Structures are given as structure tokens and as C-alpha cells.
Amino acid sequence: MSQNVWTRWPLREALVREGMSETRRWIGRVVRVLLVGLLLWATLTRPPFHGLWRPVGAVAVLLAGAAFHGFFLTTLRQRLWPSLGLFLAMAGGAFAFHAVGASLPAVVLWCGCAVVAMERLPLAAALLCATAALATFALVNDDNWLTTATTTGGLALAGYVMRLDAEARGNTQRLLAQERAARNAEAETAALAERGRIAREIHDVLAHSLSAQLVHLEAVRLLIQRSTDLETDREQLLERATACRGMAREGLDGTREALSALRGEMRPVEEYLRELTAAEGARLEITGERRGLLPEAALAVRRVAQEALTNVRKHAPGARTDVHLTYTEDAIGLEVRNTVGRTEPDALACSGSGYGLVGMRERAELLGGTLESGPEGEIFVVRLQVPA
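These numbers come from a predicted model, not from an experiment.

### Remarks on the environment of Phe87
Part 1: If you trace the backbone, Phe87 turns up in helix α5 (residues 80-99).
Part 2: You can call Phe87 buried: its relative accessible area is 5%.
Part 3: Linking Phe87 and Cys113, residues 26 residues apart in sequence, is a C-alpha distance of 6.9 Å.
Part 4: Setting aside its immediate chain neighbours within four residues, Phe87 contacts Phe71, Cys113, Ala117, Cys129 and Ala133.

Okay, here's the thing in C-alpha cells:
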């Protein structure tokens, strides 16, 4: 931990201007321009930079400004030795100014070096550099010891406060970047999950529709191949072709229904079940407080009801069928009960409209629910429970 504290650089996000408001950026620009302007004016209007020496003084001040700019760049790139070299160059410039009698730019350089070192260098190097700069300033300062001590302490505190402020800003920027990355990852995961749901729905619908059409088309092919009199087999061919057309229409309708459900545009489950049970001659009962459902849960209820009633129609025609939809606090349940028909229960559980109760069970488990199917005495029951 101590190594991290003393040797790690401030966060890169803390050393750049990202995250600063536009007002704060403009204030910083104006302050820098004013400081350079005042420093130039104060340097060139006082000894020793008079007359022909003024250009020399201006160049010296500009070189000091360039060194500061280079120091900012090297610390931003976290290059320690070039940063320390530029710091020594700025401190040497301050000694040069003091040696020729230009005390103001010397003091500004020493104080500026101490503050920026505290803000931008690793803490161990920052303390050494700031201490050296402020100690030199204290030795050459002509004020009394109390003023000098107060000034040096205030400058050290200001540099450390600036460091803390930059670190806080850098941490905020890093957290914002992590939050954006997490949101992007979450959105990408949601998009992939949505694609998976759409693919699963379309696969369920089209696999049933196309496989059924293939069966009928194969039958038509065999009839044509083996028939010696097509006129005699006309009725069978027409029946198979009509069945293929019906399967194609059913597949298209099922695909549209699945996409509408995933977009949240489908009609309420109760309305769909009323229409479905009326068409199949089943009784419908709804209990519990009705409310909106997640698209996946609503679609699972519709698919299971459709599968169960199709199985009843195919394998137990004329059987008494009851459909019970139940809303609870955090789930929705569907139960389809019918008297057992002429087909064995095991065959009933594995047959259907092509979606299959096995596939419906997998769909329910993906949603965190359950699906049970099987005989209970003389009654065959399909029972679905999914979170709502």
C-alpha cells in the first residue's frame, strides 16, 4: 500500500482537463494569460531588464513558460526523469533570475515549481521537489520569518489541495467511464439476448411450419411418382397442397405474432386465451388481479396454451378441456386439464403442433419458471408457472 501511495502517479484523468466545465476551462485560460502578461510586464519594467536587455528578459520569461508547458506534457505521459529534468531547468532558471537581480520572476518560478510538483508528480518526488523549491524561496526571501513560514506553508497546502482536487476529478472521470462501459456492455448483452429470443421464437414457428410442409410435399411427390392415374389421386393431391398452404399461412402468422410479442405490441393474454378457448371449445377461468406481463412471460403462456389445446384436438378430440389462468403476486400460472383420449399419455406429451411440450419446458426454465405435464388419474394436466 505504501508503494502505491508514494510512487504511483496521479490518475491520468486527474491531469487532463476532461470533466472540467467550460466555465472552469475559460477561467484557467484567462488566469494563465494574465499571469504570463503580468510576469512579462513586471520583469521588463524593473532592473536589470532595461533598454537593450528587455528582449533578453522577454525570451527568458517565455523559455520559463515553455519549460512549464513541457513539464505539464511529460507528467501527463507519466515520464519521471524528463519531468524531473524540466523541474531542475525551471529551478535553475529561478536561480539565474535571482542572480541577475530579477527577484520577482525568481520567486514566481520557485513557488510555481513547488505547487505544480505537488499536483502532478508521484508523492515521494513531489515532496522532495516542493521542499527544495520552497526552502530555496525561504532562504532568499527578505521578509520576516513568520511571513516566510506562512507563505511557504500556504503554498505547500495549496499544492496538496490542488492534488486532492485533481485526484477527486480523476476518480469521478474514471467512475463515469466505467459506468459508461458497463452500460454499453449491458446494452450489448440485452441486444444479444433479444436476438436470441427472436431467433428462438422464429425457429419454433418456422421449424414446425416448414417441417410439416416438407411432410406434405414429400407425400405429394410420392403420390405423383407412384400414381398411374393422377385424376384418381386428385383429391389426395389437393388435400396435401391445401395443407401445405395452411401450414405456410400458420408459419407467417406465428412469426408475426412472435415479433409483435417481443416488441410488446401483442394484445393481452386474456383476450388471446378467450379467442383460443372459444375456437377449441374449452372453458376458460381467470383468477387474480390482472396486470401487464413481461413479453417473454406472455409469449410463454400463449405458446403453452396453444400447444396444449392443439394436443387435445389431435389426440383427445371431444374431451372436456378446462383452461385456468392465475395471477399471483410475482408470477403467472396456466393450467390446462383434459380427459385422456385415445392416445397414450407419453405420446401426448411428445406430440403437438411442432413447438412440443419439451420445448415449452425449456422455455419456461429459461424464464426461471417451471412446466409440468402428465396424467393425474383420468385427467391429463399441463401446468405452467413463470415469473411475471
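### Topic: the layout of surface pockets
Part 1: Taken as a whole, the largest pocket holds about 1,400 Å³ of empty space.
Part 2: Lining the largest pocket are 36 residues, with Arg32, Leu35, Phe68, Phe72 and Val116 sitting closest to its centre.
Part 3: Mapped by element, the contributors of at least two residues to the lining of the largest pocket are α2 (12-15), α3 (22-44), α4 (54-76), α6 (103-120) and α8 (145-226).
Part 4: Looking at which element gives the most residues to the lining of the largest pocket, the answer is α4, with 10 residues.

### A word on the pairing of strand β1 (residues 283-287)
Part 1: The pairing of β1 with strand β2 (residues 321-327) spans 5 bridges and is parallel. Across the sheet, the residue bridging to Thr287 is Thr326, located in β2.
Part 2: Read from β1 through helix α11 (residues 295-315) to β2, the crossover connection turns out left-handed.

### Side note on the confidence of the model for the chain
Part 1: The pLDDT averaged across the chain works out to 79; a share of 85% of its residues lies at or above 70.
Part 2: No element of the chain has a lower mean pLDDT than helix α12 (residues 345-350), which averages 38, and none a higher one than β2, which averages 93.
Part 3: Under a pLDDT of 50 for its full length, residues 343-354 has, in the predicted model, 25 contacts with residues more than four places off or in other chains.

### Considerations on the environment of Gly57
Part 1: By the element assignment, Gly57 lies in helix α4.
Part 2: Note: C-alpha distance between Gly57 and Ala102 (45 residues apart in sequence) is 9.3 Å.

### Topic: the sheet that holds strand β5 (residues 379-387)
Part 1: The strand order across the open sheet built from 5 strands is β1-β2-β3-β5-β4, with neighbouring strands paired in mixed fashion. Bordering the open sheet on either side are β1 and β4 (370-376), each of which pairs with just one other strand. Ignoring which end each strand starts from, the neighbouring axes of this sheet average 10° apart.

### Remarks on the pattern of salt bridges
Part 1: Applying the stated rule across the entire model yields 10 salt bridges.
Part 2: The partner of Asp322 in a salt bridge is Arg283, and the shortest N-O contact between them spans 3.8 Å. Separated by 39 residues along the polypeptide, Asp322 in strand β2 and Arg283 in strand β1 bring together distant segments of the chain.
Part 3: Taking relative accessible area as the criterion, Asp322 reaches 24% and is therefore assigned partly exposed.

Cut-offs and rules
- Positions within a chain are numbered from 1, following the residues in the order the chain's sequence is written.
- Note on the predicted model: pLDDT of at least 70 is required for a residue's local features to be given, and 80 or more for side-chain atom pairs to be given and counted; whole-chain, interface and lining totals, by contrast, use all residues.
- Hydrogens and waters are ignored; side-chain quantities use all the structure's heavy atoms.
- Helix and strand definitions follow DSSP, with helices as H or I runs of at least four residues and strands as E runs of at least two, each counted in order from the N terminus.
- When a residue's accessible area, from a 1.4 Å probe over protein chains only, is under 20% of the maximum for its type it is buried; when over 50% it is exposed; and in between it is partly exposed.
- Contact between two residues is taken to exist if any of their heavy atoms lie within 4.5 Å; hydrogens are not considered.
- With a 1 Å grid spanning the protein atoms alone, the term cavity applies to any set of points in which a 1.4 Å probe fits but cannot get out, the term pocket to an open set with protein on both sides within 12 Å along at least five of seven lines, and the term lining residue to any residue with an atom within 4 Å of a point.
- Grid points are joined across faces, edges and corners, and a volume is the space filled by probe spheres set on the points.
- Strands were regarded as paired on the criterion that DSSP finds at least two bridges between them.
- When the strands point away from the viewer and the connection leading from the first strand across the helix to the second strand turns clockwise, the crossover is called right-handed.
- Per-residue confidence from the predictor is reported as pLDDT, which spans 0 to 100.
- The convention used is that axes are lines fitted to C-alpha atoms, helices contributing only their stretch in contact, and that angles between N-to-C directions extend from 0 to 180 degrees.
- For this document, the term salt bridge refers to a Lys or Arg side-chain nitrogen within 4 Å of an Asp or Glu carboxyl oxygen.

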